[in-house]
Amino acid sequence: MRIGILGTGNMADALGTQWRRAGHDVVTGGRRDGGLRAAADHGTDAVLLALPYDAAVDVVAGLADALRGRTLIDCTNPVGPGFTLRTAGGPSAAQRIAAAAPGAHVVKAFNLCHVDVWRLTPPVFDGRPLAVPLCGDDETALFAVRRLVRDLGCLPLDAGGLDRAGLVEATAALLIGLWVGQEADAQAIAPPLEYAGPRG
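Residues numbered from 1 in each chain as written. Predicted model: local features only at pLDDT ≥ 70, side-chain atom pairs only at ≥ 80, totals over all residues. Heavy atoms only, no water.

Trainee: Go over the environment of Gly7, please, and point to the residues and values.
Mentor: Inspection of the secondary structure assignment puts Gly7 in the loop between strand 1 (2-6) and helix 1 (10-21). Classification of Gly7 by relative accessible area gives buried; the value is 1%. C-alpha separation for the pair Gly7 and Gly69, spaced 62 residues apart in sequence, amounts to 20 Å. Sequence-distant contacts of Gly7, defined by excluding residues within four places in its chain, comprise Ala12, Thr28, Gly29, Gly30, Leu36, Ala50 and Leu51. (Helix = DSSP H or I, 4+ residues; strand = E, 2+ residues; numbered from the N terminus. Buried < 20%, exposed > 50% of the residue type's maximum accessible area, 1.4 Å probe, protein only. Contact = heavy atoms within 4.5 Å.)

Structure below.
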């Protein structure tokens, strides 16, 4: 797959490195090196938006023509001081990004874990592969992102359409507040599946 990455920070490096190891053709570009458009042009199969949320909407708006028809993966977290959700009340960060590049097919993914998790090969804990929730409306885009999730050794989970991305972003704010703010074992808030309630 041809993947473009918008950004040159830690997330861009971690995910880009893993996808290169999986055999993908990855081009990374940043604001300072002037490579954003080259990365967007390269990403015919997927473009990862790996920039701070503060810059994401403006950058995507400036690249809207290049992103038209592309799978655009949003891993941003609109988390503010005190671990608050900066987009509370909506629309979500993913929806704002989609509005800024209306021709792109946005998929929310990869925002729930610290960058060090994405450097693990693979991220498996107690024998259980990490699950990655995906929110998006375009099946072709979701198919591509599922493949990229599996290439990390992770399990893709269907979390619904892009209208549910705000729930994933709110989950990130909650988990970061517990992990970083309280040094709590946030994973302990979810019981094993057999105790999660009626199914089917």
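Trainee: I'd like to hear about the pairing of strand 10 (residues 131-136), residue by residue, with values.
Mentor: Within strand 10, five of the six residues are buried, which leaves the element mostly enclosed by the surrounding structure. In the sheet, strand 10 pairs with strand 11 (residues 155-158) via four bridges, with the strands oriented parallel. By the bridge assignment, Val132 is partnered in strand 11 with Pro156. Taken together, strand 10, helix 7 (residues 139-151) and strand 11 form a β-α-β motif whose crossover is right-handed. (Pairing = 2+ DSSP bridges. Right-handed = clockwise from strand over helix to strand, strands pointing away.)

Trainee: Pulling in residues and values, what's your account of the nonpolar core?
Mentor: Nonpolar side chains in soluble globular proteins generally cluster together in the buried interior. Formed by 31 residues in total, the largest nonpolar core has its most connected members in Trp19, Phe110 and Trp118. Counting only elements with at least two residues in this core, the list comes to strand 1, helix 1, strand 3 (46-49), helix 6 (115-118), strand 10 and helix 7. Among the elements that line this core, the one with the most residues is helix 7, at six residues. Leave out the neighbours within four places in its chain, and Phe110 touches Met11, Leu15, Trp19, Ile73, Cys75, Trp118, Val132, Val145, Val149 and Leu152. By size, the runner-up hydrophobic cluster in this structure holds 30 residues, among which are Leu36, Val47, Ala100 and Ala172. (Core = buried A, V, L, I, M, F, W, Y, C linked by side-chain atoms within 4.5 Å.)

Trainee: Help me get a handle on the side chain of His42, residues and values and all.
Mentor: Inspection of the secondary structure assignment puts His42 in helix 2 (residues 36-42). You can call His42 buried: its relative accessible area is 10%. Once residues lying within four places of it in the same chain are set aside, the contact partners of His42 are Arg2, Ile3, Gly4, Asp25, Val26, Val27 and Arg70.

Trainee: Give a description of the pattern of salt bridges that names residues and reports values.
Mentor: Two side chains carrying opposite charge are able to pair once their charged atoms lie near each other. This model, assessed by the stated rule, comprises seven salt bridges. Lys108 is the salt-bridge partner of Asp74, the closest N and O atoms lying 2.8 Å from each other. Taken together, the residues span a long stretch of sequence, with Asp74 in strand 4 (residues 71-74) and Lys108 in strand 7 (residues 105-108) at a distance of 34 residues. The buried category is assigned to Lys108, whose relative accessible area is 1%. The closest approach of N and O atoms between Glu139 and Arg146, which form a salt bridge, is 2.7 Å. Several salt bridges share partner residues, and in doing so they unite Asp74, Lys108 and Glu169 into one network. (Salt bridge = Lys/Arg side-chain N within 4 Å of Asp/Glu carboxyl O.)

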